[in-house]
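# What the coordinates show
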Amino acid sequence: MDDFDEIRDRRGTWSVQWDGIADRFGVSDLLPFTISDMDFASPPEVLDALRARIDHGVLGYTDWRLGGSEGFREAVRHWYATRFDTAIDIESLVYAPSVLSQLSQLLQMWTEPGDGVVVHTPTYDGFRKAVTGLGRELRGVPVGDAEALERELARPDSRMLLLCSPHNPTGRVWTEEELTDFRELAEGHDVTVVSDEIHADLAADGHRHVPWSRIAEPGRGRGWALITSGTKAFNFPALSGSYGVIGDPDERTEFLRRMETAEGLASPAVLSLTAHIAAYRHGAPWLDGLRRYVAGTMAMVGERLRAGLPGVDWTPPQAGYLAWIDLRPLGIDETRLQEELVRTEKVAIMPGGTYGTPGFVRLNVGCPRVKAERGVDALVRAAARLRTDGV
């Protein structure tokens, strides 16, 4: 059993979160709670499988479709059947280097420059970069605002509803009823749907993730895709690798053509396939242990926020290890808070403005609890000082 309290020094490993901190915050000597990867080792079952594959010694070209009952596609089918009670047709699967590379291809397949892409706000910054980088218009609607969602989807040049399910950064797990409403709205306005479900495996107890493929099946067959990866939940994003479900055979063929010919990505990274298979076949107990540990850390965050910042009303997220904290009741300027966190507390915590919603912070607590304690305590001290100063 993995020890989630174990401290692992990630400095000097080319880590974006640890070694790349100066790129975003201007200084390098900060304790980071930023990009959404974890400070935990990957599951032992995954590491053992990787070692065995490396020990074979030949790392040649690979095909993600091969392997039969022991292969990647069957591992995905097994995971969805046992984890989400959902049947996956392995012929509907596609593969790509990352979730965002899938999104990029789908944007180019289903939209044109200038078209509107509707997202929920706050918005994962990777969505903003992908959408605007391709010349599409990002159209945000607040989480939970059904009227605004319908209004934006009804615009004649809105072409895609881009979901984050569960939602990043709020950690919201959409209910089956909400997802069904999204599908009906999309169908009514002839809008395609892409559902990024990379946080699905991290739903907290009491919250049930419903894959978009289950929602889409009763409706139209065309114009939808589920995109995801095991890299988030099992913490091996450096291996790359993602997969998706595209229900329509012609759209699926076109997607694969683009990836394999236009992008030259016919052969996936073999270690990513190896890690996914091991995680989906043998990693469930480790994942459940991780979820319990993160739940305990989130409870600690809540206790310290209530004690140190009684004006902040915060509840743990429904999924994930990212604490989305609303500091607006304190009336604190976001720029001043960031200066205080960086210069005085020596911590790096993502400001809400990164996701289009100033006044919040996103605190990554996918780490040993002693580190998470340092992060939330630093946030409480900095916020309390600014509030006391009347800022």
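Above: the structure in question.
Before going into details, it helps to say that this report is about the structure given with it. (Residues numbered from 1 in each chain as written. Predicted model: local features only at pLDDT ≥ 70, side-chain atom pairs only at ≥ 80, totals over all residues. Heavy atoms only, no water.)

## Brief notes about the pattern of salt bridges
- Inspection of the entire model under this criterion finds 34 salt bridges.
- Note that Asp288 and Arg83 form a salt bridge whose closest N and O atoms lie 2.5 Å from each other. Of this pair, Asp288 sits in helix 11 (residues 284–308) while Arg83 sits in helix 3 (residues 72–83), placing them 205 residues apart in sequence.
- What makes Asp288 partly exposed here is its relative accessible area of 22%.
- The class for Arg83 is partly exposed, based on a relative accessible area of 26%.
- Note that Arg304 is salt-bridged to Asp377, the shortest N-O span being 2.7 Å. (Salt bridge = Lys/Arg side-chain N within 4 Å of Asp/Glu carboxyl O. Helix = DSSP H or I, 4+ residues; strand = E, 2+ residues; numbered from the N terminus. Buried < 20%, exposed > 50% of the residue type's maximum accessible area, 1.4 Å probe, protein only.)

## Observations concerning the side chain of Glu152
- Locating Glu152 in the fold gives a position in helix 6 (residues 146–154).
- Within the structure, the side chain of Glu152 is placed 3.1 Å from the side chain of Arg155, a separation counted as a polar contact.
- Non-local contacts of Glu152, meaning those with residues more than four positions away in its chain, are made with Val118, Arg139, Val141 and Ser158. (Polar contact = N/O pair within 3.5 Å; in protein donor to acceptor, adjacent residues only side chain to side chain. Contact = heavy atoms within 4.5 Å.)

## Structural notes on helix 10 (residues 270–282)
- Taking 1.5 Å of rise per residue, the 13 residues of helix 10 would be expected to cover 18 Å, and the 18 Å separating its terminal C-alpha atoms lies within 8% of that figure.
- Every buried residue of helix 10 is accounted for by Val270, Ser272, Leu273, Thr274, Ala275, His276, Ala278, Ala279 and Tyr280.
- On its buried face, helix 10 is in contact with helix 2 (44–56), helix 3, strand 2 (93–96), strand 8 (242–246) and helix 11. (Expected span 1.5 Å × (residues − 1).)

## Considerations on unusual backbone geometry
- In this model, Thr121 is joined to Pro122 through a cis peptide bond whose omega is 0°.
- If you trace the backbone, Pro122 turns up in the loop between strand 3 (116–121) and helix 5 (125–133).
- Although it is not a glycine, Asn235 sits at a positive phi angle of roughly 60°.
- The topology assignment puts Asn235 in the loop between strand 7 (224–228) and strand 8.
- The phi torsion at Ser240 lies on the positive side, around 60°, for a residue other than glycine.
- Note that Ser240 resides in the loop between strand 7 and strand 8.
- For Ser240, a relative accessible area of 37% gives the class partly exposed.

## So, the pairing of strand 9 (residues 322–326)
- Within strand 9, five of the five residues are buried, leaving the element largely enclosed by the surrounding structure.
- A two-sided burial pattern is seen for strand 9, the buried positions comprising Leu322, Trp324 and Asp326 on one face and Ala323 and Ile325 on the other.
- In this structure, strand 9 lies alongside strand 11 (residues 360–364), joined through five bridges in antiparallel fashion. Among the inter-strand pairings, Ile325 is bridged to a residue of strand 11, identified as Val361. (Pairing = 2+ DSSP bridges.)

## A few points about the layout of surface pockets
- A volume near 1,400 Å³ is recorded for the largest pocket.
- As for the largest pocket, its lining consists of 50 residues, of which Ile35, Ser36, Asp37, Pro237 and Ala238 are closest to the centre.
- Where the lining of the largest pocket is concerned, the elements lending two or more residues are helix 1 (21–25), helix 2, helix 4 (99–110) and helix 5.
- By volume, the second largest pocket is sized at about 350 Å³. (1 Å grid on protein atoms, 1.4 Å probe; cavity = no way out; pocket = protein on both sides within 12 Å on 5 of 7 lines; lining within 4 Å. Points joined across faces, edges and corners; volume = space filled by probe spheres on them.)

## Points about the packing of aromatic side chains
- Summed over the entire model, instances satisfying the criterion amount to 17 aromatic pairs.
- Ring centres of Trp174 and Phe182 lie 5.1 Å apart, and the angle between their planes is 80°; on these two criteria the pair is classed as edge-to-face.
- Residue Phe182 is classed as buried on the basis of its relative accessible area, which comes to 7%.
- Following the ring pairs from residue to residue traces out a cluster consisting of Phe4, Phe40, Trp64, Phe72, Trp79, Tyr95, Phe234, Tyr243, Tyr280, Trp286 and Tyr293.
- The residue whose ring lies beneath Arg369 is Tyr293, and the NZ or CZ to ring-centre distance is 4.3 Å.
- A cation over an aromatic ring shows up here: Lys371 above the ring of Phe33, its NZ or CZ 4.8 Å from the ring centre. (Phe/Tyr/Trp six-rings, centres within 6.5 Å; stacked < 30°, edge-to-face > 60°. Lys NZ or Arg CZ within 6 Å of the ring centre and 35° of its normal.)

## Some points on the nonpolar core
- Ranked by size, the top nonpolar core spans 111 residues in total, and within it Trp212 and Ile325 carry the most contacts.
- The contact partners of Trp212, leaving out residues within four places of it in the chain, are Leu163, Leu179, Phe182, Arg183, Val193, Ser195, Glu197, Trp224 and Leu226.
- Core analysis: the second largest hydrophobic core is formed by nine residues, Ile21, Trp324, Ala348 and Met350 among them. (Core = buried A, V, L, I, M, F, W, Y, C linked by side-chain atoms within 4.5 Å.)

## Side note on the sheet that holds strand 6 (residues 192–196)
- The strand order across the open sheet built from seven strands is 2-8-7-6-5-3-4, with neighbouring strands paired in mixed fashion. Here the strands that pair on one side only, and so sit at the sheet edges, are strand 2 and strand 4 (137–142). Across the sheet, the axes of successive neighbouring strands diverge by a mean angle of 25°, strand direction being ignored.
- Bridge analysis of strand 3 against strand 4 gives six bridges, and the strand direction is parallel. By the bridge assignment, Val119 is partnered in strand 4 with Gly140. (Axes fitted to C-alpha atoms, helices over the stretch in contact; angles between N-to-C directions.)

## Regarding the sheet that holds strand 11
- Read across the sheet, four strands follow the order 1-10-11-9 without closing on themselves; strand pairing throughout is mixed. Two strands in the sheet have a free side with no partner beyond their single neighbour: strand 1 (31–33) and strand 9. The sheet shows a mean angle of 35° between the axes of neighbouring strands, direction not considered.
- Helix-sheet contacts for helix 12 (residues 334–345) involve strand 10 (347–351) and strand 11, and the interaxial angle to strand 10 is about 160°.

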